[in-house]
Amino acid sequence: MQFSHPLMHDNFTKGDLNAVIKLLKKKNKILTQSKYVKLFEKKWSRWLGVKYSVFVNSGSSANLLTMTVLKMLYGGGEIILPALTWVSDVNSVIQNNFKPVFVDINPKNLCMSEDEIIKKINKNTLAVFMTHAQGFNGLTSKLVAFLKKKRVLLIEDVSESHGATFNKKKLGTFGIISNFSFYYAHHMTTIEGGMVCTNDKKIYEIVKILRSHGMARESDNLTFEKKMIIKYPKLSPKFIFLYPAYNFRNNEVSGVIGLSQLKSLDKNNKKRKDNFKFFLKSIDQSKYRTDFQLKGSCNYAFPVILKKKNLKSRNLFEKMLLKNKIEFRRGSAGGGNQLRQPYLQKFIKNINLNNFKEVDHIHFFGYYIGNYPSLTKIKIKKICNILNHIKI
Ligand SMILES: Cc1ncc(COP(=O)(O)O)c(C=O)c1O
């Protein structure tokens, strides 16, 4: 269906196209991971405010590398994560044999509830894997202080919240590692792509090796590489595979797109923030939730969450959106409650869904629609008019 209000609109710009053409027209070019990937990593690190970033081929690969490096450095343990998140956040945890411990969400920011996290922390907890859902900040001073006191690691998934802040500092700078996705409908895109960010040099070097088949020469640390060559004299110096790893590299085309998109990210995010406020002002508060925690948020979508728990109303809502060609996703970005998904059943035998009432509300009655930079106030008014007239 051709949507009149899609989830994302025209986010690959003329500037991006020109950057790609310029690259492709170069003589003697390298298109696999090379200097533009490196430059994008450098500029992204500067934009975010971290020392190191590793560009990979998706946000899911960033999740998987993050959990793999945790496994290598810390062994096993429990990882606390939200029931409302993307599937790869959960998969990365179980694929690395950590025990996933799920937490319900705070309805005001769709991120894990601070009190629920604190309740679930015990001596086996290795990390809290926070998803900053839908542009909202999930951190609080109490939570950050508690994690520090208990020596529990914080990992941030900022794939849905580029540019959002906590205490005026960008999300993705608080955790020991943070992940981003540059998939098409997010705040910025590299077509497919993701980033692993950290201030920890050791983590950075291991992630680089893991990104590229486990090869020692990828570490970016010549002393380490030389040490490995001496340690393994019977191996070809360029082919020393240290760990069972992956090929999660991205390429130069995506690198130049990333560099080009990054230039407009702050400007685009400002528009998104303005649009979000206008949307909240225009939507019927008796039908839809509007009591969101806005401080620091930067949303690439509008959460349209029905207040009433009524399946008939919900079906009518979906019918009317389709009739008016408004694209939507039910269950927020990850499709709602991960605990209801088949892939997870054998890992969560004793879970009581009654303890996940907030995420279940989003699962059945929560939606998002697009909030892209070219969206005009007139169009938002029009969309809200349609939403407000649905008889729910
Ligand atoms: C919170 C979150 N993490 C990870 C991902 C995975 O990113 P990708 O689609 O780039 O694999 C997504 C995807 O949208 C996401 O929303």
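First, a word on what this report is: a plain description of the structure on this page. Worth saying up front: this structure is predicted, and the values here are computed from it rather than measured.

Brief notes about the sheet that holds strand 12 (residues 366–370)
Each strand in a sheet pairs with its neighbour through backbone hydrogen bonds, running either in the same direction (parallel) or in the opposite one (antiparallel). Taken together, the three strands give an open sheet; going across it, the order is 10-12-11, and neighbouring strands pair in antiparallel fashion. In this open sheet, the two strands that pair with only one neighbour each are strand 10 (301–305) and strand 11 (329–330). Sheet topology places strand 10 next to strand 12; five bridges connect them, and they run antiparallel. Residue pairing across strands places Ala301 opposite Gly370, the latter belonging to strand 12.

Some words on the pattern of salt bridges
Here the structure, examined in full by the defined rule, presents 14 salt bridges. Of the charged contacts in the structure, one is a salt bridge between Lys142 and Glu114, with a shortest N-O distance of 3.7 Å. Of this pair, Lys142 sits in helix 6 (residues 141–150) while Glu114 sits in helix 5 (residues 114–120), and the two are 28 residues apart along the sequence. Owing to a relative accessible area of 49%, Lys142 belongs among the partly exposed residues under this scheme. Lys270 is the partner of Asp274 in a salt bridge, and the nearest nitrogen-oxygen pair spans 3.4 Å. In this pair, Asp274 and Lys270 are both assigned in helix 9 (residues 252–282), four residues apart and thus about one turn of the helix distant.

Thoughts on the packing of helix 3 (residues 59–74) against helix 7 (residues 201–211)
Two elements in contact, helix 3 and helix 7, have axes separated by 10 Å at closest approach and are oriented at 120°. Relative to helix 7, the element helix 3 is oriented oblique. Judged by the sense of rotation from one axis to the other, the crossing of helix 3 with helix 7 is right-handed. Contacts between helix 3 and helix 7 involve Leu65, Thr68, Val69, Met72 and Leu73 on the former and, on the latter, Lys202, Ile203, Ile206, Val207, Leu210 and Arg211. Looking at the contact of helix 3 with helix 7, its residues break down into eight nonpolar, one polar and two charged.

Let's talk about empty space enclosed by the protein
The gaps of empty space that remain are located by a probe, the size of a water molecule, rolled over the atoms. Summed over all chains, the structure comprises two cavities of 30 Å³ or more. Class assignment for the residues of the lining of the largest cavity results in four nonpolar, four polar and one charged. One number sums up the size of the second largest cavity: a volume of about 30 Å³. In this structure, the second largest cavity is lined by Leu110, Gln134, Pro303, Ile305, Ser332, Ile362, Gly366 and Tyr367. Secondary-structure elements contributing two or more residues to the lining of the second largest cavity are strand 10 and strand 12. Class assignment of the residues belonging to the lining of the second largest cavity gives a composition of five nonpolar, three polar and no charged.

Re the layout of surface pockets
Approximately 510 Å³ is the volume found for the largest pocket. Taken together, 29 residues line the largest pocket, and the ones lying closest to its centre are Trp86, Ser181, Tyr183, His186 and Ala333. Top element by residues in the lining of the largest pocket is helix 3. It accounts for three residues. In the lining of the largest pocket, the residues fall into ten nonpolar, 13 polar and six charged.

A look at helix 1 (residues 14–25)
In this model helix 1 runs 16 Å from its N-terminal to its C-terminal C-alpha over twelve residues, within 8% of the 16 Å that 1.5 Å per residue would give. Burial in helix 1 covers these residues: Asp16, Val20 and Leu23. Angular distribution of buried residues about the axis of helix 1 spans 60°; they occupy a single face of the element. Facing away from the buried side of helix 1, by more than 90 degrees, are the exposed residues Lys14, Lys22 and Lys25. In this structure, the buried side of helix 1 is in contact with helix 2 (35–48) and helix 9.

A short note on the nonpolar core
Grouped together as the largest cluster of nonpolar side chains are 109 residues, with contacts concentrated most on Trp44, Leu70, Phe279 and Leu387. Here the element with the most residues in this core is helix 9; it accounts for nine residues. Those residues within four positions of Trp44 in sequence are excluded, and the remaining contacts are Ser53, His162, Phe180, Phe182, Met188, Met195, Cys197, Leu262 and Leu265.

Procedures and definitions
Residues numbered from 1 in each chain as written. Predicted model: local features only at pLDDT ≥ 70, side-chain atom pairs only at ≥ 80, totals over all residues. Heavy atoms only, no water. Pairing = 2+ DSSP bridges. Helix = DSSP H or I, 4+ residues; strand = E, 2+ residues; numbered from the N terminus. Salt bridge = Lys/Arg side-chain N within 4 Å of Asp/Glu carboxyl O. Buried < 20%, exposed > 50% of the residue type's maximum accessible area, 1.4 Å probe, protein only. Axes fitted to C-alpha atoms, helices over the stretch in contact; angles between N-to-C directions. Parallel < 35°, antiparallel > 145°, perpendicular 65-115°, else oblique. Left-handed = near helix turned anticlockwise from the far one by under 90°. Contact = heavy atoms within 4.5 Å. Nonpolar A, V, L, I, M, F, W, Y, C, P; charged D, E, K, R; others polar. 1 Å grid on protein atoms, 1.4 Å probe; cavity = no way out; pocket = protein on both sides within 12 Å on 5 of 7 lines; lining within 4 Å. Points joined across faces, edges and corners; volume = space filled by probe spheres on them. Expected span 1.5 Å × (residues − 1). Arc of directions from axis to C-beta. Core = buried A, V, L, I, M, F, W, Y, C linked by side-chain atoms within 4.5 Å.

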